[in-house]
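What follows is the residue order along each chain.
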2 protein chains.
Amino acid sequence: MKPINIAILGCGTVGTGVARLLLENADILKDRVGCDLNLKYVADIDTETDRGIAFAPGVMIPDAAKAIADPEVDIVVETIGGEGIAKQMMLDAIAAGKHVVTANKALLAKHGNAIISAATEKGVDLAYEASVGGCMPIIKTVRESLVGNRISAMTGILNGTCNYILSKITDEGVVFEKALAEAQAKGYAEADPTLDVEGFDAAHKLAILAALAFGMQINFDDVYIEGISRITPMDIEFAAQFGYRIKLLAITKFDGQAVEARVHPTMIPFDNMLSNVNGTLNAISVSGDAVGDILLYGHGAGMMPTASAVVSDIADIARNLASNGAGRVPVLGFQTDKVRAIPVRPMDDIVTNYYFRFDAMDRPGVLAAIAGILGKYAISLKYVHQKGRKTNGSVPVVMLTHHAREKDVRRALSEISALDVVAGEPMVVRIEDQNGH
Amino acid sequence: MKPINIAILGCGTVGTGVARLLLENADILKDRVGCDLNLKYVADIDTETDRGIAFAPGVMIPDAAKAIADPEVDIVVETIGGEGIAKQMMLDAIAAGKHVVTANKALLAKHGNAIISAATEKGVDLAYEASVGGCMPIIKTVRESLVGNRISAMTGILNGTCNYILSKITDEGVVFEKALAEAQAKGYAEADPTLDVEGFDAAHKLAILAALAFGMQINFDDVYIEGISRITPMDIEFAAQFGYRIKLLAITKFDGQAVEARVHPTMIPFDNMLSNVNGTLNAISVSGDAVGDILLYGHGAGMMPTASAVVSDIADIARNLASNGAGRVPVLGFQTDKVRAIPVRPMDDIVTNYYFRFDAMDRPGVLAAIAGILGKYAISLKYVHQKGRKTNGSVPVVMLTHHAREKDVRRALSEISALDVVAGEPMVVRIEDQNGH
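The numbers attached to residues start from 1 for each chain and follow its sequence in the written order. The order in which chains are written sets their letters, starting at A; the order in which ligands are written sets their numbers, starting at 1. At least 70 in pLDDT is required for a residue's local features to be given in this predicted model, at least 80 for side-chain atom pairs to be given and counted, and no such filter applies to totals for whole chains, interfaces and linings, which use all residues. The side-chain values count all of the structure's non-hydrogen atoms but skip hydrogen atoms and water molecules.

- In the nomenclature of an unreviewed UniProt entry, chain A is known as Homoserine dehydrogenase of Desulfosarcina widdelii.
- UniProt positions are given in the numbering used here, feature names are shortened, and annotations may be inferred rather than shown by experiment. The UniProt entry for chain A carries the following comment under Catalytic activity (unreviewed entry): "L-homoserine + NADP(+) = L-aspartate 4-semialdehyde + NADPH + H(+)".
- UniProt, in the comment section headed Sequence similarities (unreviewed entry), describes chain A in these words: "Belongs to the homoserine dehydrogenase family."

Listed below in structure tokens is the structure:
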């Protein structure tokens with residue numbers, strides 16, 4: 001079998017990792033795939049920085065267009081990141097008939113439908129295993145291993161930065177700001193951490209997962225997004241008293257009518273495997289009608305874990321090329337004409353269990369006032385905890401609800417906030433305890 | 001794309017599950033794969049029993065040979081089980097040019113090399129995702145998703161029966177016999193539980209995993225096998241005091257020279273994800289040079305989880321057929337000429353940490369006698385615990401060692417057993433705490 005020629009566009013962390021893996025493990029890749037995976041170009045405007053790799057002469061080039069135009073190049077790997085140049089380069093590569101591999105979740109979440117259409121029309125493969133879950137083979141698992149299942153839900157810890165911060169608050173009782181600073185010091189969080197801690201990165205990934213799971217067009221705009229910056233050590237402590245840990249979960253469900261797609265801090269029981277996923281690690285659980293629940297666990301980011309996923313895509317395409325099998329597995333796992341727009345249920349209509357924490361004045365009648373408003377909106381309580389420590393003259397009142405509708409919860413909380421015996425904004429954390437793994 | 005015709009041989013639990021899934025989820029399978037997966041035959045000598053499925057006329061037949069001989073059949077699914085007829089049917093199907101799917105780990109562990117050779121020579125696919133880990137896509141993950149990794153180790157909880165029994169002993173403090181009886185009452189253990197509780201089933205699966213991970217010929221004969229029937233609630237309690245849980249682990253490692261392949265009860269730290277895998281659930285952890293550690297978790301057995309894996313193999317082959325891509329991924333993940341015989345390290349040469357429990361007379365000098373013998377064999381102790389409860393006039397003496405060599409341990413224990421102040425056989429449990437996930 002003839003060598004497969006690869007061009008990497010963008011030699012940052014991920015691009016460097018892919019180059020390293022292709023070169024360092026070239027022998028075992030050939031033993032497995034059956035042909036050489038030849039790194040023909042690494043294109044980056046910065047050709048000077050030492051990446052610790054001795055590229056052969058002519059491999060490192062400043063001009064991506066040259067790589068895309070070379071008729072010998074079979075596979076283009078986009079590791080530029082962002083949505084501007086990266087998008088154009090991918091479309092150019094597809095137009096040139098190249099198979100494309102990317103790790104770019106933001107790009108796929110926002111422009112994936114157009115890029116998928118372009119690739120499908122051109123008859124080239126578009127592979128993106130590294131875009132969700134780092135080294136965990138979640139894309140392949142859903143598209144291929146769960147092919148016989150009707151998938152009803154996926155639940156993931158998809159952002160290592162948030163998981164590190166929440167683990168830190170849980171283990172050490174420090175406040176969010178301190179945990180974030182430590183994540184930044186360790187390189188787990190960016191200087192501007194918004195994309196991670198406010199849930200956007202997890203939401204990008206969730207939009208891709210929902211499309212895969214249910215055969216729907218990618219719909220990032222309708223994903224509900226709430227980050228972790230309001231979570232306090234006190235909430236984590238209360239959660240533990242009730243048998244829960246707080247994780248930033250990305251949740252998608254499908255009942256045959258509409259899809260739920262939401263990212264928010266969530267309480268999950270100790271016996272849910274996800275509650276044991278700590279530090280920067282990620283995990284994804286999938287529920288299907290035949291498998292029940294399965295879970296994948298591993299590094300969701302990092303140079304070499306991400307490179308491992310990119311290289312698995314390259315090998316997949318190389319194996320397709322040997323048998324003229326491009327498009328062997330459709331991009332979203334469903335035949336193109338079966339991918340449809342499925343409505344996303346408005347957050348207002350979500351039904352789940354809730355944890356509330358109010359800062360209330362320690363006065364007779366306060367609890368009755370709060371409970372009265374909740375009752376008016378048909379929100380029934382499973383548990384009430386009032387004996388808190390005094391904080392600034394007020395005491396924390398904590399409640400767990402039975403199933404309630406988000407819209408009712410918001411209305412009730414808005415009325416409760418307006419009570420003059422309640423200070424500040426109520427804290428709300430949704431609870432998932434249906435799928436106790 | 002034309003329909004793919006499938007024949008299932010053997011309509012027991014797994015065969016019935018596969019038939020059900022192909023029929024009940026035919027629509028979504030077609031939406032994903034792009035063609036009909038047509039169940040043409042279900043062959044079983046018992047055509048009378050009601051399997052709860054309304055087969056079309058002519059599907060249920062008593063004669064497997066008819067299905068194998070039919071030129072319209074593309075894929076033969078072997079769900080007969082055992083090593084006699086199943087082996088012959090598979091070889092017949094391969095000889096007839098059919099692609100073959102099986103869930104038969106015992107057959108592959110013992111006769112896999114010959115069957116793989118036959119399939120490779122004939123140019124047909126041999127798929128076996130369901131043979132290890134039930135619905136968990138461990139075969140696909142190793143062969144495809146980890147293709148860029150040098151795999152150094154795999155560690156699995158591969159037998160649900162043993163995991164259920166050990167979980168029961170752990171949670172309820174009951175003895176092995178009682179936990180086994182309950183497993184049998186619930187249908188989790190066979191009337192003759194030997195295959196499961198003595199570790200053979202896990203060893204069959206481990207032999208397959210080791211071959212996949214390292215590109216070696218399947219070598220079941222050299223797998224070290226020790227079951228769980230000697231584990232007592234007392235050992236589990238001591239383990240917990242040291243921060244460990246006891247699981248039946250299947251472990252394989254490769255250092256470039258020789259492979260370790262062993263199944264035995266093992267102490268693992270609480271913070272190892274495998275220690276949280278309870279009940280009948282299974283999990284497998286894989287260590288690779290790029291990914292670090294990843295773990296899969298799910299149902300390792302059961303009608304529909306197993307059927308899900310079989311159907312994923314059927315879909316894979318159907319997708320290959322669309323592009324003339326049989327053999328797209330070689331059976332063991334490595335090109336045939338790269339699969340080699342790698343020596344399995346004799347158990348005597350394994351180096352690990354150990355837990356010992358002796359029933360010793362509560363007399364001065366006993367500890368010195370035991371420690372003296374251990375010292376003679378260069379076995380150094382990390383921890384000694386002597387203040388046990390009296391059991392039959394003796395007290396349990398518990399020790400944890402630093403790294404020691406199995407051969408030295410056996411010699412030392414044999415000398416210690418011969419001491420007249422020590423009663424019965426010493427209890428030995430190996431400890432894995434290198435890979436704290």
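More follows now that the structure is in view.
## Notes on the domain arrangement of chain A
For an interface, size is often stated in terms of accessible area lost upon the parts coming together.
All names here are of chain A.
Thought 1: By domain assignment, chain A separates into domain 1 (4-135 + 303-336), domain 2 (138-299) and domain 3 (351-431).
Thought 2: Placing a centre on the C-alpha atoms of domain 1 and another on those of domain 2 gives a separation of 27 Å.
Thought 3: Throughout, a contact is declared for two residues whenever any of their heavy atoms are within 4.5 Å. If you look at the interface, domain 1 gives 24 residues, while domain 2 gives 24 residues.
Thought 4: Counting the surface lost from both domain 1 and domain 2, the interface buries some 1,900 Å², and carbon and sulfur atoms represent 65% of this.
Thought 5: Pairs of N or O atoms are called polar contacts if they sit within 3.5 Å, as long as, within protein, a hydrogen donor faces a hydrogen acceptor (for residues adjacent in sequence, only side-chain-to-side-chain pairs). At the junction of domain 1 and domain 2, the tally comes to eight residue pairs in polar contact (both at pLDDT 80 or more).
Thought 6: Listed by contribution, the elements that provide at least two residues to the side of domain 1 that touches domain 2 are α5 (105-122) and α12 (303-322).
Thought 7: Top contributing element to the side of domain 1 that touches domain 2 by residue count: α5, with eight residues.
Thought 8: Under the scheme applied, nonpolar residues are Ala, Val, Leu, Ile, Met, Phe, Trp, Tyr, Cys and Pro; charged residues are Asp, Glu, Lys and Arg; polar residues are all the others, including Gly. Looking at the side of domain 1 that touches domain 2 residue by residue, the classes come out as 13 nonpolar, six polar and five charged. Where each domain begins and ends follows an automated or database-derived domain assignment. Summed over both partners, the accessible area (1.4 Å probe) lost when two parts come together is defined as the buried area. Helix and strand assignments come from DSSP, with helices taken as H or I runs of at least 4 residues and strands as E runs of at least 2, each series counted from the N terminus.

## Points about the pattern of salt bridges
Thought 1: Each salt bridge in this description consists of a side-chain nitrogen of Lys or Arg and a carboxyl oxygen of Asp or Glu lying within 4 Å of one another. Scanning the entire structure with this criterion turns up 56 salt bridges over all chains.
Thought 2: For A:K168, the salt bridge goes to A:E182, with nearest N and O atoms at 2.7 Å. Linking A:K168 in helix α7 (residues 160-172) with A:E182 in helix α8 (residues 176-185), this pair joins segments that are 14 residues apart in sequence.
Thought 3: Each of A:K140, A:E144, A:D316, A:R328, B:K140, B:E144, B:D316 and B:R328 takes part in one network of salt bridges that share partners.

## Considerations on the relation of the copies chain B and chain A
Thought 1: Least-squares superposition aligns the copies on the C-alpha atoms of those residues with pLDDT at or above 70 in both. Screw-axis analysis of chain B against chain A gives a translation of 0.0 Å along the axis, an RMSD of 0.0 Å, and a rotation angle of 180°. Such a turn and shift between the copies fits a two-fold axis. Among all residues of chain B, the one whose C-alpha sits closest to the rotation axis is B:L296, at a distance of 2.4 Å.
Thought 2: The residues that chain B uses at the interface reappear at the interface of chain A in 100% of cases, marking a shared surface.

## Examining the sheet that holds strand β6 (residues 126-127) of chain B
Neighbouring strands of a sheet are bound in pairs by backbone hydrogen bonds; such pairs are parallel or else antiparallel.
Residue and element names in this part refer to chain B.
Thought 1: Ordered in space as β3-β2-β1-β4-β5-β6, the six strands form an open sheet in which the pairing is parallel. If you trace the sheet from one side to the other, it starts and ends with β3 (60-61) and β6, each paired once.
Thought 2: Where strand β1 (residues 4-9) lies against strand β2 (residues 37-43), six bridges are found, and the strand directions are parallel. Opposite N5, over in β2, you have N38 as the bridge partner.
Thought 3: Axis lines are fitted to C-alpha atoms, over the contacting stretch for helices. Their N-to-C directions set the angle, which ranges from 0 to 180 degrees. Against the sheet, helix α12 (residues 303-322) touches β1, β2, β4 (75-78), β5 (99-102) and β6, its axis set at about 165° to β5. At least two bridges found by DSSP between two strands is the condition for calling them paired.

## So, the nonpolar core
Thought 1: Definition of nonpolar core: a set of buried residues of the types Ala, Val, Leu, Ile, Met, Phe, Trp, Tyr and Cys, connected through side-chain atoms within 4.5 Å. The buried label goes to any residue with under 20% of its type's maximum accessible area, the exposed label to any with over 50%, and the partly exposed label to all in between, with areas taken from a 1.4 Å probe on protein chains only. One finds A:I138, A:I165, A:Y355, B:I138, B:I165 and B:Y355 to be the most contacted residues of the largest nonpolar core, which totals 192 residues.
Thought 2: Filtering out sequence-adjacent residues up to four positions away, A:Y355 remains in contact with A:D235, A:F238, A:F242, A:M267, A:V398, A:M399, A:L400, A:M427, A:V428, A:V429 and A:I431.

## What to know about unusual backbone geometry
Thought 1: Backbone geometry places A:N324, a non-glycine residue, at a positive phi of 55°.
Thought 2: Along the chain, the position of A:N324 falls in the loop between α12 and β13 (351-361).
Thought 3: Look at B:A378: it is not a glycine, yet its phi comes out positive at around 65°.
Thought 4: In this structure, B:A378 sits in the loop between α13 (366-376) and β14 (381-385).
Thought 5: For B:A378, a relative accessible area of 62% translates into the label exposed.

## Considering the environment of B:E237
Thought 1: As for its placement among the helices and strands, B:E237 is situated in helix α11 (residues 233-241).
Thought 2: For the pair B:E237 and B:D349, spaced 112 residues apart in the sequence, the C-alpha separation amounts to 29 Å.

## Some points on the interface of chain B and chain A
Thought 1: If you look at the interface, chain B gives 58 residues, while chain A gives 58 residues.
Thought 2: Summing the contributions of chain B and of chain A, the shared interface buries around 5,000 Å²; its carbon and sulfur component is 53%.
Thought 3: Summed over the shared surface of chain B and chain A, the number is eight salt bridges.
Thought 4: For B:D27, the salt bridge goes to A:R150, with nearest N and O atoms at 2.7 Å.
Thought 5: Applying the counting rule to chain B against chain A returns 34 residue pairs in polar contact (both at pLDDT 80 or more).
Thought 6: Of all the elements in the fold, those that place two or more residues in the side of chain B that touches chain A are α1 (13-24), α2 (26-33), α6 (138-145), β12 (292-299) and α12 of chain B.

## Digging into the packing of aromatic side chains
Residues and elements named next belong to chain B.
Thought 1: Working definition: a ring pair exists when centres of Phe, Tyr or Trp rings (six-membered ring for Trp) sit within 6.5 Å. Plane angles under 30 degrees give stacked, over 60 give edge-to-face, the rest tilted. Scanning the model with the defined rule gives ten aromatic pairs over all chains in all.
Thought 2: Between Y164 and Y188 the ring centres are 4.8 Å apart and the planes differ by 65°, which places this aromatic pair in the edge-to-face class. Of the two residues, Y164 sits in helix α7 (residues 160-172) while Y188 sits in the loop between α8 (176-185) and α9 (194-197), which places them 24 residues apart along the sequence.
Thought 3: Classification of Y164 by relative accessible area gives buried; the value is 8%.

## Overview of the sheet that holds strand β1 (residues 4-9) of chain A
Residues and elements named next belong to chain A.
Thought 1: The strand order across the open sheet built from six strands is β3-β2-β1-β4-β5-β6, with neighbouring strands paired in parallel fashion. The two strands at the open ends of the sheet, each matched to only one other strand, are β3 (60-61) and β6 (126-127).
Thought 2: In this sheet, strand β5 (residues 99-102) lies alongside strand β4 (residues 75-78) in parallel orientation, the contact comprising four bridges. Counted as the bridge partner of V77 is V101 from β5.
Thought 3: Against the sheet, α12 makes contact with β1, β2 (37-43), β4, β5 and β6, and its axis sits at roughly 165° relative to β5, the strand it touches most.

## So, the packing of α12(A) against α6(B)
Thought 1: The N-to-C vectors of α12(A) and α6(B) enclose an angle of 85°; their axes lie 9 Å apart at closest approach. Taken as axis vectors, α12(A) and α6(B) run roughly perpendicular relative to one another. On α6(B), the residues touching A:S308, A:S312, A:D316 and A:R319 of α12(A) are B:R143, B:E144 and B:S145.
Thought 2: Tallied by class, the residues present in the contact of α12(A) with α6(B) amount to no nonpolar, three polar and four charged. For classification purposes, angles smaller than 35 degrees are called roughly parallel, those larger than 145 roughly antiparallel, those between 65 and 115 roughly perpendicular, and all remaining angles oblique.

## Some points on the side chain of B:R319
Thought 1: Along the chain, the position of B:R319 falls in helix α12.
Thought 2: In this structure B:R319 is buried but unpaired, with B:D316 as the nearest side chain of opposite charge at 5.0 Å. Think of it this way: Lys and Arg go in the positive column, Asp and Glu in the negative one, and His and the chain ends go nowhere.

## Brief notes about helix α4 (residues 85-95) of chain B
All names here are of chain B.
Thought 1: Three or more residues of α4 are buried, namely A86, M89, M90, A93 and I94. Buried residues of α4, viewed axially, fall in a sector of 135°; they line one side. Counted as exposed and oriented over 90 degrees from the buried face of α4: I85 and A95.
Thought 2: On the buried face of α4, the contacting elements are β1, α3 (64-69), β4, β5, α5 (105-122) and β6.
Thought 3: The positive-phi residue at the C-terminal boundary of α4 is G97, with phi of around 85°. For this quantity, the arc is that covered by the directions from the helix axis to the C-beta atoms.

## Section: the pairing of β2(A)
For a regular strand, the rule is simple: side chains alternate between the two faces of the sheet.
All names here are of chain A.
Thought 1: Most of β2 is tucked away, with five of its seven residues classed as buried.
Thought 2: Relative to β3, β2 runs parallel, the two being bridged by two bridges. Within β3, the position partnered with A43 by the bridge is I61.

## Details of the UniProt feature "binding site: NADPH" (unreviewed entry) in chain A
Residue and element names in this part refer to chain A.
Thought 1: Under the UniProt annotation, the feature "binding site: NADPH" (unreviewed entry) is placed at K105.
Thought 2: Within the secondary structure, K105 is located in helix α5.
Thought 3: With near-sequence residues (within four places) excluded, K105 lies in contact with S131, D201, H204, K205 and I208.

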